Amino acid sequence: MADGYDRASRVDIGFSGGQVLSVRMLETAYEDLRKALDRAGESGGWHELKTEDSELSLHLAQVVYVRLDTEKHKVGF
């Protein structure tokens, strides 16, 4: 997300049960989530995630993947 810290991007968070949560968040929130996942074995618990329109609590042990949408949005066909 090289465009800057003030633009929200779509992020999909996949869980072990197969559910996927799609949210829009700032780059700083995405980086914090990635760091929390890297340390998940140490903390073994929950992460507070601030998205564009809500606050979430994620159990890090249940997160299977995180997908960052990097495609530029286009208008028209």
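This text gives an overview of the structure that appears in the document. (Residues numbered from 1 in each chain as written. Predicted model: local features only at pLDDT ≥ 70, side-chain atom pairs only at ≥ 80, totals over all residues. Heavy atoms only, no water.)

**Describing the environment of Leu60**
Link 1 in the chain: If you trace the backbone, Leu60 turns up in the loop between strand S4 (55-59) and strand S5 (63-68).
Link 2 in the chain: Judged by its relative accessible area of 4%, Leu60 is buried.
Link 3 in the chain: On a C-alpha basis, the gap between Leu60 and Arg39 in space is 9.3 Å, while along the polypeptide they are 21 residues apart. (Helix = DSSP H or I, 4+ residues; strand = E, 2+ residues; numbered from the N terminus. Buried < 20%, exposed > 50% of the residue type's maximum accessible area, 1.4 Å probe, protein only.)

**A short note on the nonpolar core**
Link 1 in the chain: Formed by 15 residues in total, the largest nonpolar core has its most connected members in Val11, Ile13, Val23, Met25, Leu33, Leu49 and Leu58.
Link 2 in the chain: Elements supplying a minimum of two residues to this core: strand S1 (9-15), strand S2 (20-25), helix H1 (27-38) and S4.
Link 3 in the chain: A per-element tally of this core places H1 first, with 4 residues.
Link 4 in the chain: Those residues in contact with Val23 that lie beyond four places of it in its chain are Ser9, Arg10, Val11, Ile13, Thr51 and Leu56. (Core = buried A, V, L, I, M, F, W, Y, C linked by side-chain atoms within 4.5 Å. Contact = heavy atoms within 4.5 Å.)

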